[in-house]
Amino acid sequence: KAGVTQTPRYLIKTRGQQVTLSCSPISGHRSVSWYQQTPGQGLQFLFEYFSETQRNKGNFPGRFSGRQFSNSRSEMNVSTLELGDSALYLCASSLLAGSQYEQYFGPGTRLTVT
Amino acid sequence: AQTVTQSQPEMSVQEAETVTLSCTYDTSESDYYLFWYKQPPSRQMILVIRQEAYKQQNATENRFSVNFQKAAKSFSLKISDSQLGDAAMYFCAYKAAAGNKLTFGGGTRVLVKP
């Protein structure tokens with residue numbers, strides 16, 4: 001079974017632009033979560049989606065948004081990019097929502113904002 | 001809010017020896033899950049071991065074992081017979097019983113000397 005895939009793997013954007021990152025969960029998985037990893041702040045939870053509904057959201061500004069499609073694929077969007085948005089963005093999928101279900105991480109998208 | 005603290009930024013171990021990584025957490029919940037994730041240079045997060053808070057027995061996965069002290073809110077990871085492939089960042093993570101949000105510690109870098 002294929003793992004979690006994230007596209008693109010690397011991205012360079014300019015301040016003020018917007019960006020969309022994509023995450024395809026493991027086949028059959030319906031829950032997708034997003035995390036931001038930076039050297040300064042570490043790993044921080046962005047949001048979680050299940051059955052096209054946002055179930056939980058981390059403490060990030062409104063510039064960060066996401067959605068989930070009927071096939072469970074998820075996208076996150078960052079508008080008006082700032083230098084501090086440079087990070088590794090990780091996506092994780094699980095079969096269903098709930099702690100007993102293991103989360104599997106994708107390889108991440110490395111975003112660089114110049 | 002839940003917090004996870006890893007007090008050791010870096011640990012070094014000789015190949016075939018044992019190393020123990022520390023993790024403490026703070027929560028007011030009684031039901032939760034704890035995890036250790038490994039992140040090698042490839043950046044792919046890999047689940048090493050998980051512990052359900054309601055289980056008194058410490059989890060073990062091959063050369064990896066935990067020492068879970070619920071009252072002390074401590075969750076350490078022991079890597080026995082260390083191998084070169086164990087070199088990576090290790091993250092301790094907490095998840096409440098409801099939902100999929102993971103709260104991560106700051107990480108411990110493990111160096112394995114041949």
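I will try to describe carefully the structure that is included in this document. The structure presented is a predicted model; accordingly, all values stated were derived computationally and were not measured. (Residues numbered from 1 in each chain as written. Chains lettered and ligands numbered in written order. Predicted model: local features only at pLDDT ≥ 70, side-chain atom pairs only at ≥ 80, totals over all residues. Heavy atoms only, no water.)

What to know about the pattern of salt bridges
In plain terms, the rule: What makes a salt bridge here is a side-chain nitrogen of Lys or Arg within 4 Å of a carboxyl oxygen of Asp or Glu, nothing more. A simple rule labels every residue: compare its accessible area, found with a 1.4 Å probe on the protein chains alone, to the largest value its type can have, and call it buried under 20%, exposed over 50%, or partly exposed in between.
What the rule picks out here adds up to 9 salt bridges over all chains. Between A:Glu75 and A:Arg73 there is a salt bridge, with its nearest N and O atoms 3.2 Å apart. Residue A:Glu75 is classed as buried on the basis of its relative accessible area, which comes to 16%. Notably, a salt bridge pairs B:Lys55 with B:Glu52, separated by 3.9 Å at the nearest N-O pair.

Notes on unusual backbone geometry
Rules: A run of H or I in DSSP counts as a helix once it spans at least four residues, and a run of E counts as a strand once it spans at least two, with each numbered from the N terminus.
Residues A:Thr7 and A:Pro8 are joined by a peptide bond in cis, for which omega reads -10 degrees. Note that A:Pro8 resides in the loop between β1 (5–7) and β2 (10–13). Non-glycine residue B:Arg43 carries a positive phi angle of around 80 degrees. As for its placement among the helices and strands, B:Arg43 is situated in the loop between β5 (32–39) and β6 (46–52). Not every positive phi belongs to a glycine, and B:Asp81 is a case in point at roughly 50 degrees. Along the polypeptide, B:Asp81 turns up in the loop between β9 (74–79) and β10 (88–96). According to the relative accessible area criterion, B:Asp81 is partly exposed, its value standing at 39%.

With respect to the nonpolar core
Within soluble globular proteins, side chains that are nonpolar tend to cluster in buried spots. Short version of the rule: Nonpolar cores were defined as sets of buried Ala, Val, Leu, Ile, Met, Phe, Trp, Tyr and Cys residues, with membership established by side-chain atoms within 4.5 Å. We call two residues contacting when some pair of their heavy atoms lies within 4.5 Å.
Judged by nonpolar contacts, the single largest core of 26 residues is most densely connected at B:Tyr25, B:Trp36, B:Phe75, B:Leu77 and B:Tyr90. For this core, the secondary structure elements donating two or more residues are β3 (19–21), β5, β6, β8 (64–69), β9, β10 and β12 (108–113) of chain B. When residues in this core are grouped by element, the largest group, 5 residues, is from β10(B). Residues in contact with B:Phe75, not counting those within four places in the same chain, are B:Leu21, B:Ser22, B:Cys23, B:Tyr25, B:Leu34, B:Phe35, B:Trp36, B:Gln51, B:Val66, B:Asn67, B:Phe68 and B:Cys92. With 21 residues, the next largest nonpolar core counts A:Ile26, A:Val32, A:Trp34 and A:Phe60 among its residues.

Topic: the sheet that holds strand β3 (residues 19–24) of chain A
Residue and element names in this part refer to chain A. Which entries qualify depends on this criterion: At least two DSSP bridges between two strands are required for those strands to pair. Orientation is described by axes fitted as lines to C-alpha atoms, over the contacting stretch for helices, and by angles from 0 to 180 degrees between their N-to-C directions.
The sheet built from 4 strands is open, its strands ordered β1-β3-β8-β7 with antiparallel pairing. If you trace the sheet from one side to the other, it starts and ends with β1 and β7 (64–68), each paired once. The average undirected angle you get between the axes of adjacent strands in this sheet is 20 degrees. The pairing of β3 with strand β8 (residues 74–78) spans 5 bridges and is antiparallel. Opposite Leu21, over in β8, you have Met76 as the bridge partner.

Quick word on the pairing of β9(B)
Side-chain positions along a regular strand alternate between the two faces of the sheet. Residue and element names in this part refer to chain B. One ladder, built from 3 bridges, connects β3 with β9; its direction is antiparallel. Across the sheet, residue Leu21 finds its bridge partner in β9, namely Leu77. The pairing of β8 with β9 spans 6 bridges and is classified as antiparallel. Residue pairing in the sheet places Phe68 in a bridge with Phe75 of β9.

Points about the state of the cysteines
Let me state the cut-off plainly: Note on terminology: disulfide denotes any pair of cysteine sulfur atoms within 2.5 Å.
As enumerated under the stated definition, the model contains 2 disulfides over all chains in all. With its sulfur 1.7 Å from that of its partner, A:Cys23 forms a disulfide with A:Cys91. Measuring handedness by torsion sign, the sulfur bridge of A:Cys23 and A:Cys91 sits at about -50 degrees and is left-handed. One end of the pair, A:Cys23, is in strand β3; the other, A:Cys91, is in strand β9 (residues 87–94), with 68 residues separating them in the sequence. Across the pair, exposure class does not vary: A:Cys23 and A:Cys91 are buried alike. A sulfur-sulfur distance of 2.0 Å marks the disulfide that ties B:Cys23 to B:Cys92. With the S-S dihedral at roughly -65 degrees, the linkage between B:Cys23 and B:Cys92 falls on the left-handed side. Here B:Cys23 is found in the loop between β3 and β4 (24–26), whereas its partner B:Cys92 is found in strand β10, with 69 residues between them in sequence. As far as the burial class goes, B:Cys23 and B:Cys92 line up, both buried.

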